[in-house]
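So you can see what is in the structure, the chains are spelled out below.
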Amino acid sequence: MAKGKKGKSAKKADLKSSKNDVESDIAIESLKRKAVSDEVTDNEDTLPLEQDDEDTLEILDENKALDEYEHDSSDEEDVENTIGDVPLHWYEDYDHVGYTRDACRILRGASRGEIDSFLEKVENPDFWRTVIRQTTGQEEKLTDEDVDMIVRLSQGKFATSAADPDTPWVDFFTRDVMEMPLSARPEHKRSFVPSRIEALKVAKLVDHIKRGFLKLDEEKVEKPRFYQLWGEDGSAGEMRRLYRPQPAPKLRLPGHSESYHPPLEYLPTEAERAEHERRLEETGSARPLPQLYHSLRAVPAYPEFIQERFERCLNLYLCPRKTVTKTQLSGPEELLPELPDKRDLQPYPTHCNQLYSGHKNIVRTLSVDPGGQFFASGSDDSTLRIWEISTGRCMKTVEFKEPVTAVAWNPNPKLSVVAAASGKRVYMVNHGLGDRAAAASADGVFRAPPERDDTTVRSQKVGCAWRRASEAEWAQGIRLTINISRQCKQLSWHAKGDYFATVAPDAGNTSVLIHQMSRWRSQMPFRKTQRAQAAAFHPLRPYFFVATQNHVKVFNLVKQELSKKLSGGAKWISSLAIHPRGDNVVIGSYDRRVHWFDLDLSKLPCHRLRFHGQAVRQVAFHRRYPLLASCGDDGKVMVYHARVYNDLMKNALVLPVKVLKGHSLYDDLGVLDVAFHPEQPWALSAGADGTIRLWI
């Protein structure tokens, strides 16, 4: 038995050795053919063919399928392996590594030893850039572009030097709904196939349905719950009454009047029949009259049975608690709200009475004297002009180096001071018109600077420098100059005339500054603020309003804290106005809207006015009359009747009463500022056409 086993193992060893010999002979033969083909390729252009070479070529032609991919030429295309995603280690036991598109084998290249590799490295100068493709086993020489690409990728750069790393980002995806998609490529199939997590969820739900954990046919019955509308749930007896409601009343049992054979005394007379018909015509409902029939078969069907039964069921379903009355409308006009007549809302400005011309460029701002005799205007022609309202004369002109962007008249009648912003400077101008005592008192404030203290140092830290005017500026009327970090867009005085605020949207945290004129000091009320657009003081209380791009913040100056934040959905706020009583705020926005806020009601606007076709530039309240005005780039001045009631239960009445047109557009700009006369129902508007109009 042992001898038989030894014989079998010897046979297996002989077969294995013979197989290895055959494989080695095949490999040696392939190397010989490769060497012959290389030798023929090198000598075919220079040496004449001999008989042995022809025989060799004939042998190669007969075995063309075997040596087609053994030699490489620069004129031929690269051999493409078509095995797909099949791993290459599956071909380790074969003499080929794949197949071509013509189903021909791609033979594996002969492996080199360390000595052959060293000799090739010494003799071949391009050995360092020669690589072997794993899918075909062929040697490929890397070009200069390939080497440069590898170096750049290893250094973490772009693959090509032509790529621009500073190319601006193109936002292909926006929040706007696009009418056409980015490409016409159809949806992929995997978008319609559930994902693995969704498949697990569906399998879990199916398993719960099979086990009975989920019952789809049963409907949940909600128990009725009752609660008191105006009170609180208290005693147990009250709870029992709520959860055990009183059943619906039952119908009255029929009597003799409903009988088909009633007694003779229940039969109606002719007068009672006439009264019943009259009542039926007036009210539309009445109790039926008894009738006499000789038998039950002779009683006809009641014609109103279905209607009465339906009304009965409907009343039980709705459970009315009071008498339902129908409103009789003669037409759709009665559905409209009752608005007062425009003649009852007078006075308000209706037409242009005076035209003030003298500026050579756009008029951006204006401010009216508290006494109502003069008004000041600032323009892009770098001039400040003071006009007399009644006559239209220009009483004074002050020239600056840069355009005037903001003008504000001091509300204190004892000081003849006008604040004007030009570039990065704020000027205090003594116009010298009107009362001489007011002009003298104003010069007394600006003649000598106050003593240096901590407030002066604090002003320097804020970035403001107070400087007394030079002799040439003093002759023009300029008394004081304040240097700030950025261009000022708005000026706003306190009601007492000592403090004023400046708004510079591009100044960052110092965009809002509060200055004190009597002590020549400036302070930054907020450590960190957003881009401010407008600011104003409360007319009666110690509150300060700051309008950012989207919100209006109300600060308590005594407690030094944020009191309220108003948000009305405006994309970009442009202006701010406070009602003389201080309980209502109006803002204008560049998205063509005017928002009215009631501070005692809500943080959201109670009125949204959309009467402008372009951006709203300015809003203003009248000091005495219930009037509101707004102006915009559409060249219109809208006048509203804005009445605020003393009754807190009534909302403010805001109605548009007049559209004032007269300014012409210039460079897509219309009316840039509007202000009311302090005593009369008049309005002044500054336009981009370089004119100022008085509307009465």
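Procedures and definitions
Residues numbered from 1 in each chain as written. Predicted model: local features only at pLDDT ≥ 70, side-chain atom pairs only at ≥ 80, totals over all residues. Heavy atoms only, no water. Helix = DSSP H or I, 4+ residues; strand = E, 2+ residues; numbered from the N terminus. Buried < 20%, exposed > 50% of the residue type's maximum accessible area, 1.4 Å probe, protein only. Contact = heavy atoms within 4.5 Å. Areas by Shrake-Rupley, 256 points an atom, 1.4 Å probe, with all protein chains shown as cover. Pairing = 2+ DSSP bridges. Axes fitted to C-alpha atoms, helices over the stretch in contact; angles between N-to-C directions. UniProt positions renumbered as here; feature names shortened; annotations may be inferred. Patch = residues over 30% accessible without salt bridge, like charges linked within 9 Å, V, L, I, M, F, W, Y side chains within 5 Å. Salt bridge = Lys/Arg side-chain N within 4 Å of Asp/Glu carboxyl O. Phe/Tyr/Trp six-rings, centres within 6.5 Å; stacked < 30°, edge-to-face > 60°. Core = buried A, V, L, I, M, F, W, Y, C linked by side-chain atoms within 4.5 Å.

Labelled according to an unreviewed UniProt entry, the chain appears under the name Ribosome biogenesis protein BOP1 homolog, originating from Amphibalanus amphitrite.

Helices and strands together make up the secondary structure of the chain, namely 12 helices and 33 strands. Counting every position in the chain, which comprises 696 residues, the buried fraction comes to 32%. Pairs at least 24 residues apart make up 47% of the contacts formed inside the chain by residues separated by at least 6 positions. For the chain, the exposed surface amounts to about 48000 Å²; the carbon and sulfur share of it is 52%.

Our focus in this paragraph is the sheet that holds strand β7 (residues 374-379). Within a beta sheet, neighbouring strands are joined by backbone hydrogen bonds and run either parallel or antiparallel to one another. Pairing in this open sheet of 4 strands is antiparallel, and the strands run β6-β7-β8-β9 from one edge to the other. If you trace the sheet from one side to the other, it starts and ends with β6 (363-368) and β9 (394-399), each paired once. Averaged over all pairs of adjacent strands, the angle between strand axes in this sheet comes to 20 degrees, irrespective of strand direction. Here β7 pairs with strand β8 (residues 383-388) via 5 bridges, running antiparallel. When the bridges of β8 are listed, Phe375 appears paired with Trp387.

Glancing now at the UniProt feature "repeat: WD" (unreviewed entry) in the chain. Mapped onto the present numbering, the UniProt feature "repeat: WD" (unreviewed entry) falls on residues 356-397 and 671-696. In this annotation, residues 671-696 is assigned 0% helix and 62% strand; the end-to-end C-alpha distance for the span is 17 Å.

What follows deals with a nonpolar patch on the surface. Taken together, the side chains of Leu205, Ile209, Phe213, Leu214 and Leu216 present a nonpolar region at the surface, about 510 Å² in accessible area. Examined against the element boundaries, Leu214 turns out to sit in the loop between α6 (196-211) and α7 (236-243). Taking relative accessible area as the criterion, Leu214 reaches 36% and is therefore assigned partly exposed.

Moving on to the packing of aromatic side chains. This structure, assessed with the given rule, holds 11 aromatic pairs. With 6.5 Å between their ring centres and 15 degrees between their planes, Trp466 and Trp520 make a pair best called stacked. On the criterion of sequence distance, the pair formed by Trp466 in strand β13 (residues 465-468) and Trp520 in the loop between β17 (512-516) and β18 (521-523) is long-range, its members being 54 residues apart. For the pair formed by Trp466 and Trp520, the shared burial category is buried. Taken together, a centroid distance of 6.4 Å and an interplanar angle of 25 degrees make the contact between Phe526 and Phe544 stacked. Of this pair, Phe526 sits in the loop between β18 and β19 (534-537) while Phe544 is found in strand β20 (residues 543-547), placing the two residues 18 residues apart along the sequence.

Turning next to unusual backbone geometry. Across residues other than glycine, the phi torsion is negative in most instances, and most of the peptide bonds are trans. With an omega of 10 degrees, the peptide bond between Gln346 and Pro347 qualifies as cis. In this structure, Pro347 sits in the loop between α9 (305-318) and β5 (352-357). A positive phi angle is found at Trp520, which is not glycine, with a value near 55 degrees. Take Trp520: its relative accessible area is 8%, and that puts it in the buried class. Positioned with a positive phi, Arg592 is a non-glycine residue whose angle comes to about 70 degrees. On the accessibility criterion, Arg592 (45% relative accessible area) is partly exposed.

Our next topic: the nonpolar core. One finds Met428, Phe446, Ile482, Leu491 and Phe500 to be the most contacted residues of the largest nonpolar core, which totals 23 residues. For this core, the secondary structure elements donating two or more residues are β10 (404-409), β11 (417-422), β12 (425-430), α10 (436-447), β14 (478-483) and β15 (490-493). For this core, the element with the highest residue contribution is β11, accounting for 3 residues. In contact with Met428, not counting residues within four places along its chain, are Val417, Val418, Ala419, Phe446, Gly477, Ile478, Arg479, Leu480, Ile482, Trp493, Phe500 and Met517.

Below, the discussion takes up the pairing of strand β24 (residues 584-589). Of all 6 residues that make up β24, 6 are buried, and the element is covered over most of its length. Neither face of β24 is open: one carries Asn584, Val586 and Gly588, the other Val585, Ile587 and Ser589, and all of them are buried. Pairing of strand β23 (residues 573-578) with β24 involves 5 bridges; the strand directions are antiparallel. Residue pairing in the sheet places Ile578 in a bridge with Val585 of β24. Hairpin connection of β23 to β24: 5 residues between the antiparallel strands, including Gly582 at a positive phi of 90 degrees.

Moving on to the pattern of salt bridges. The full count for this structure, using the stated rule, is 15 salt bridges. Of the charged contacts in the structure, one is a salt bridge between Arg479 and Asp443, with a shortest N-O distance of 2.7 Å. With Arg479 in strand β14 and Asp443 in helix α10, the pair connects residues that are 36 residues apart, well separated along the chain. Grouping residues by exposure puts Arg479 and Asp443 together as buried. We note a salt bridge from Arg623 to Glu679, for which the minimum N-O separation is 3.2 Å. Within this pair, whereas Arg623 is found in the loop between β27 (616-621) and β28 (627-632), its partner Glu679 is found in the loop between β31 (671-676) and β32 (683-687), the two being separated by 56 residues in sequence. When its relative accessible area of 48% is taken as the criterion, Arg623 is described as partly exposed. The exposure class assigned to Glu679 is partly exposed, which follows from its relative accessible area of 31%. Among the ionic contacts, a cluster of salt bridges with common partners joins Glu275, Arg278 and Arg279.

Moving on to the pairing of β32. For β32, the buried fraction is high: 5 of the 5 residues fall into the buried class. Where burial is concerned, the two faces of β32 agree: the one with Ala683, Ser685 and Gly687 and the one with Leu684 and Ala686 are both buried. Both β31 and β32 contribute to a ladder of 5 bridges, which runs antiparallel. Looking at β32, one finds that Val674 is bridged to Ser685. The hairpin formed by β31 and β32 contains 6 residues between the paired strands. As paired strands, β32 and strand β33 (residues 691-695) are joined by 4 bridges and run antiparallel to one another. Across the sheet, the residue bridging to Ala683 is Trp695, located in β33.

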